[in-house]
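Chains, contacts and geometry: an overview
The chain contents come next:
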Amino acid sequence: MEQELQLVADFDFDMIVDFFSRLNRQGPGSQQVTRQALSFIGELSDNAKIADIGCGSGGQTITLAENTKGQITAIDLFPKMITLLKERAIHHGLSDRISGIAVSMENLPFEPGELDLIWAEGSIYNIGFERGLREWKQFLKPGGMIAVSEVSWLTNTRPDEIEQFWNFNYAEIDTISNKIKKMEEAGYTPVAHFILPEYCWLDCFYKPMQENIPLFLEKYKNSKPAQQLVQRELDEIDYYRKYKSYYGYVFYIGMKNE
Ligand code: SAM
């Protein structure tokens, strides 16, 4: 694969949001995996406060609400995602437990020590794994829990081509053991981690994405930027199929130290 690399963020934001908001999820994951990560979180009370950061259109937010007690504040930078999340919460009869706010994860609207649980599926990379863990910790109660999924190397060495691809897209990608060390250094006790199965990428994320491409291109009348965005995503899928034994998403679950 010799194509020129482009970051998703190089494209027009409205077009990116339109492309991804057509999907049930905006990153690799599944209801089953959300529940698996939740199994490491202790019982929450009706008064528990949960933040779902980088919630997208709310794929995991509904699963979180269906399997926990307490109030969920879902956060995303883009108002369109929050609108979709709210529609979804109403559809599932969960709007009394889920509120949505369009704000940056760099400027969270919480009080120190307010939260019992911070959730971030496929989104902490936007602030960076290390920075997110450090900055968000202030909002957790002592003993509060954090669960984030993050792209990680699954092996200690890998081919140059995929190393270059990820160093360009997200230089903070690292091995699982180094990610866990970062979590410890940020002031958490690592509680569990697990690798997301392939179906979370191929069936739950990439397949619906590919199915939506014709409608997306039709809407943008096959414009060059729309075609380039599509090509960038198709290239990413090719990279995943070729190199999935070297990288994947990993759920990291930690507890804030007392
Ligand atoms: N958690 C969802 C899921 O797994 O389906 C969405 C994951 S998607 C890969 C990352 C999300 O982070 C997007 O919805 C994007 O709009 C949001 N995002 C990007 N930058 C952000 C920021 N600075 N603050 C809050 N959300 C942000």
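Residues numbered from 1 in each chain as written. Predicted model: local features only at pLDDT ≥ 70, side-chain atom pairs only at ≥ 80, totals over all residues. Heavy atoms only, no water.

The next subject is the overall build of the protein chain. Each helix and strand in the protein chain was counted, giving nine helices and seven strands. Relative to the globule expectation of 18 Å for 258 residues, the C-alpha radius of gyration of the protein chain, 18 Å, shows essentially globular dimensions. Structurally, the protein chain occupies a C-alpha span of about 50 × 45 × 30 Å along its principal axes. By residue count, 52% of the 258 residues in the protein chain fall in the buried class. For the protein chain, contacts bridging at least 24 residues in sequence account for 78% of all contacts bridging at least 6. When the accessible surface of the protein chain is totalled, it reaches about 12,000 Å², and 49% of it is carbon and sulfur. With 26 positive and 37 negative side-chain charges, the protein chain shows a spacing of 2 Å between the two charge centroids. (Helix = DSSP H or I, 4+ residues; strand = E, 2+ residues; numbered from the N terminus. Rg over C-alpha atoms; globule rule 2.2 N^0.38 Å. Buried < 20%, exposed > 50% of the residue type's maximum accessible area, 1.4 Å probe, protein only. Contact = heavy atoms within 4.5 Å. Areas by Shrake-Rupley, 256 points an atom, 1.4 Å probe, with all protein chains shown as cover. Lys, Arg positive; Asp, Glu negative; His and termini not counted. Charge placed at Lys NZ, Arg CZ, Asp CG, Glu CD.)

Here the focus is the nonpolar core. Among the nonpolar cores identified, the biggest contains 86 residues, and Trp119, Trp136, Ile146, Trp166, Tyr247, Phe251 and Ile253 are the most heavily contacted of them. A per-element tally of this core places helix α8 (residues 199-219) first, with nine residues. (Core = buried A, V, L, I, M, F, W, Y, C linked by side-chain atoms within 4.5 Å.)

Moving on, we come to the side chain of Ser30. Tracing the backbone through its elements, the reader meets Ser30 in the loop between α1 (13-21) and α2 (31-38). In this structure Ser30 touches Arg25, Tyr199, Cys200 and Cys204, once residues within four positions along its chain are discounted.

Looking now at the UniProt feature "domain: Methyltransferase" (unreviewed entry) in the protein chain. Under the present numbering, the feature "domain: Methyltransferase" (unreviewed entry) in UniProt falls on residues 50-144. Annotation note: span residues 50-144, helix share 31%, strand share 27%, distance between end C-alpha atoms 10 Å. (UniProt positions renumbered as here; feature names shortened; annotations may be inferred.)

In this section: the sheet that holds strand β1 (residues 49-53). Pairing within the open sheet is mixed, and its seven strands lie in the order β3-β2-β1-β4-β5-β7-β6. Lying at the two open borders of the sheet, with one neighbouring strand each, are β3 (98-102) and β6 (188-195). Each strand axis lies, on average, 20° off the axis of its neighbour in the sheet, ignoring direction. Inspection of the sheet shows strand β5 (residues 140-153) paired to strand β7 (residues 247-256) by nine bridges, in the antiparallel sense. The residue of β7 that forms the bridge with Ile146 is Gly254. Running over the sheet, helix α3 (residues 59-66) touches β1, β2 (71-76), β3 and β4 (115-120) and is turned about 170° from β2. (Pairing = 2+ DSSP bridges. Axes fitted to C-alpha atoms, helices over the stretch in contact; angles between N-to-C directions.)

Let us now look at the packing of aromatic side chains. Tallied over the full model, the rule gives 22 aromatic pairs. Relative to Phe139, the ring of Phe110 lies with its centre 6.1 Å away and its plane at 65°, an arrangement referred to as edge-to-face. In this pair, Phe110 is assigned in the loop between β3 and β4 and Phe139 in the loop between α5 (129-136) and β5, connecting sequence segments 29 residues apart. The burial state of Phe110 is the same as that of Phe139; both residues are buried. Judged by centre distance (5.9 Å) and plane angle (80°), the rings of Trp201 and Tyr247 are edge-to-face. Of this pair, Trp201 sits in helix α8 while Tyr247 sits in strand β7; the two residues are 46 residues apart in sequence, bridging distant segments of the chain. Summarising the burial analysis for this pair, Trp201 and Tyr247 share the class buried. (Phe/Tyr/Trp six-rings, centres within 6.5 Å; stacked < 30°, edge-to-face > 60°.)

On to unusual backbone geometry, then. Within the chain, Lys221 stands out as a residue other than glycine whose phi angle is a positive 50°. Within the fold, Lys221 resides in the loop between α8 and α9 (224-243). Taking relative accessible area as the criterion, Lys221 reaches 71% and is therefore assigned exposed. With a phi close to 55°, Asn222 is a non-glycine residue in the positive phi region. Judged by its relative accessible area of 44%, Asn222 falls in the partly exposed class.

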